[in-house]
Amino acid sequence: QASDKENGIHTPPDRCVALSADMMVAPAVHFPPIHKEIERRIRSSNEEFFRLRAEHMEKDDLPACVKEQPDVFQRHRGAAFSFEMAREIFKLGNYYAQQAMNYYVLDGYVTDHVRLAILQSALYRHLSYFEPDTQRIASMMSRRLKILGPLVEQLNPQHFLVHVRQMAFECGELCQELHDLKKYDMPAVSLHTSRPKEPPPAKDQDQQEDDTGLKPSGKLQAKLAELAQQAVTFYSHFINTFDKDPHKVASAKLGEVREANRREREGEWSLEEDDVKPYWMAKMTRASMLMKCGTTFEQRKESYVKALKEYESVLAYASKHPDMVEKCDVTLKEQVRLAKELAELLPERINRLHYLGK
């Protein structure tokens, strides 16, 4: 309605849909009975959200992002800027997503069911940005894993390739974020804080790592190793979908880490240009998480050997296709530098773990 006034157009109030006391929408075509029912349902569903919004505005209890751009939030009145407001949006969206999933069941409506599952996961992701409690953030991440994880295993990549890749990569990221959240007790990004590039020290001396990457003992180390292995599993499943042999893709076990073949070791991957970045990032992240797997010296040594092969594979591709690397953004160029450093460092650490294991 505000934009209509700016253009010299005025819509009578009785032809508008009143979403709240101070927010009205002017539809292009007005059907009184239908729009009255829509208005009633929208106001009823969003009553608490608009009450919270008005309360924050009256108290001037606004985050810095809102104070810096008040005109933006004035135009987008449906945007949340507190956990309480975000929760109201989440509750409404999650309710309808679940209702839809109950109708569009996996057996018969695969595509619709998967899209709704991805949407439901996104609702939890957006809500966690506003959540101040790290324990509840961890619970939301675990919930997202329960929503998407089983679908990655159930769907055939031959028929649902795009969805399998999307969910496998997201599950890998979730396990990685959950690992870091439990380790540092701080989310990577949130409305309240963000983790610095240099990780903070562990919470107490018992959690300090030695230069082998192992902690002395404890339940935390076992849980971290488990999450790292789950991340490796999902990233491996994502990587396996790029295998050009459809029979291998269909028969691959969830997250099977295959031995790199000669073509891969020599950097002769057959990838489309748009696939290079996600595939590369998945291999780099899988190598990083492999270095966090295992709770014994022998297990950690085996994981380091696999990580070394992963980094060497990435470097082989960079050496074989310098033009493709040049087209990539700064992030991937930095990853090449990091892979080179780690490929030089890991043999020494593997030898150290070998002798410590004896």
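None of the values given here were measured: they were computed from a predicted structure. (Residues numbered from 1 in each chain as written. Predicted model: local features only at pLDDT ≥ 70, side-chain atom pairs only at ≥ 80, totals over all residues. Heavy atoms only, no water.)

(A) Geometry of the overall build of the protein. In terms of regular secondary structure, the protein is built from 16 helices and 2 strands. By residue count, 42% of the 358 residues in the protein fall in the buried class. Across the protein, contacts joining residues at least 24 apart in sequence account for 62% of those joining residues at least 6 apart. For the protein, the exposed area adds up to about 20,600 Å²; of that, 51% sits on carbon and sulfur atoms. (Helix = DSSP H or I, 4+ residues; strand = E, 2+ residues; numbered from the N terminus. Buried < 20%, exposed > 50% of the residue type's maximum accessible area, 1.4 Å probe, protein only. Contact = heavy atoms within 4.5 Å. Areas by Shrake-Rupley, 256 points an atom, 1.4 Å probe, with all protein chains shown as cover.)

(B) Geometry of the nonpolar core. Within the largest apolar cluster, 80 residues are counted, with the highest numbers of intra-cluster contacts made by Met167, Trp280 and Tyr311. When near neighbours in sequence (up to four residues on either side) are disregarded, Trp280 contacts Val314, Tyr317, Ala318, Val325, Leu332 and Val336. (Core = buried A, V, L, I, M, F, W, Y, C linked by side-chain atoms within 4.5 Å.)

(C) Seen up close, the side chain of Thr285. Mapped onto the secondary structure, Thr285 falls in helix H13 (residues 273-290). Within the structure, the side chain of Thr285 is placed 2.7 Å from the backbone oxygen of Met281, a separation counted as a polar contact. When neighbours within four sequence positions are excluded, Thr285 is seen to be in contact with Gln176 and Tyr235. (Polar contact = N/O pair within 3.5 Å; in protein donor to acceptor, adjacent residues only side chain to side chain.)

(D) Structural view of the pairing of strand S1 (residues 17-20). Examined bridge by bridge, S1 and strand S2 (residues 23-25) share 3 bridges and lie antiparallel to one another. Residue pairing for S2: Ala18 is matched across the bridge by Met24. Where S1 hands over to S2, the hairpin turn is made up of 2 residues, counted between the paired strands. (Pairing = 2+ DSSP bridges.)

(E) Region of the structure containing the pattern of salt bridges. Under the defined criterion, the tally for this structure stands at 11 salt bridges. Its salt-bridge partner being Lys91, residue Glu88 comes within 3.4 Å of it at the nearest N-O pair. Taken together, the residues Glu88 and Lys91, both in helix H6 (residues 83-103) and 3 residues apart, mark about one turn of the helix. Judged by relative accessible area, which is 46%, Lys91 ranks as partly exposed. In this structure, the salt-bridge partner of Glu310 is Lys283, at a minimum N-O distance of 2.5 Å. Of the two residues, Glu310 sits in helix H14 (residues 297-320) while Lys283 sits in helix H13, which places them 27 residues apart along the sequence. For the pair shown, Glu310 and Lys283 are each scored as buried. Members of the salt-bridge network, linked through shared partners, are Lys283, Arg286 and Glu310. (Salt bridge = Lys/Arg side-chain N within 4 Å of Asp/Glu carboxyl O.)

(F) Structural view of the side chain of Lys301. When you line up the elements, Lys301 lands in helix H14. If sequence neighbours within four positions are ignored, Lys301 has contacts with Ile350, Leu353 and His354.

(G) Spatial organisation of the confidence of the model for the protein. Summing up the model confidence of the protein, the mean pLDDT is 80 and the portion of residues at 70 or higher is 75%. By mean pLDDT, the top-scoring element of the protein is helix H7 (residues 110-130) (95), and the lowest-scoring one is helix H1 (residues 2-6) (45). Counted against residues more than four places away or in other chains, residues 1-8, with its pLDDT under 50, gives 7 contacts. With pLDDT under 50 throughout, residues 194-208 is counted as low confidence; its partners more than four residues away or in other chains account for 27 contacts. (pLDDT = per-residue confidence, 0-100.)

(H) Geometry of the packing of aromatic side chains. Applying the stated criterion across every chain yields a total of 11 aromatic pairs. Relative to Tyr109, the ring of Tyr104 has its centre 5.2 Å away and its plane inclined at 85°; by these criteria the two rings are edge-to-face. Under the relative-accessibility criterion, Tyr104 is labelled partly exposed at 31%. With 5.9 Å between their ring centres and 75° between their planes, Trp280 and Tyr317 make a pair best called edge-to-face. Taken together, the residues Trp280 in helix H13 and Tyr317 in helix H14 connect sequence positions 37 residues apart. Exposure remark for Trp280: the relative accessible area of 0% places this residue in the buried category. Since its relative accessible area comes to 2%, Tyr317 is described here as buried. Each residue in the set Phe169, Tyr235, Phe238, Phe242 and Tyr279 is aromatic and connected to the rest through ring pairs, giving one cluster. (Phe/Tyr/Trp six-rings, centres within 6.5 Å; stacked < 30°, edge-to-face > 60°.)

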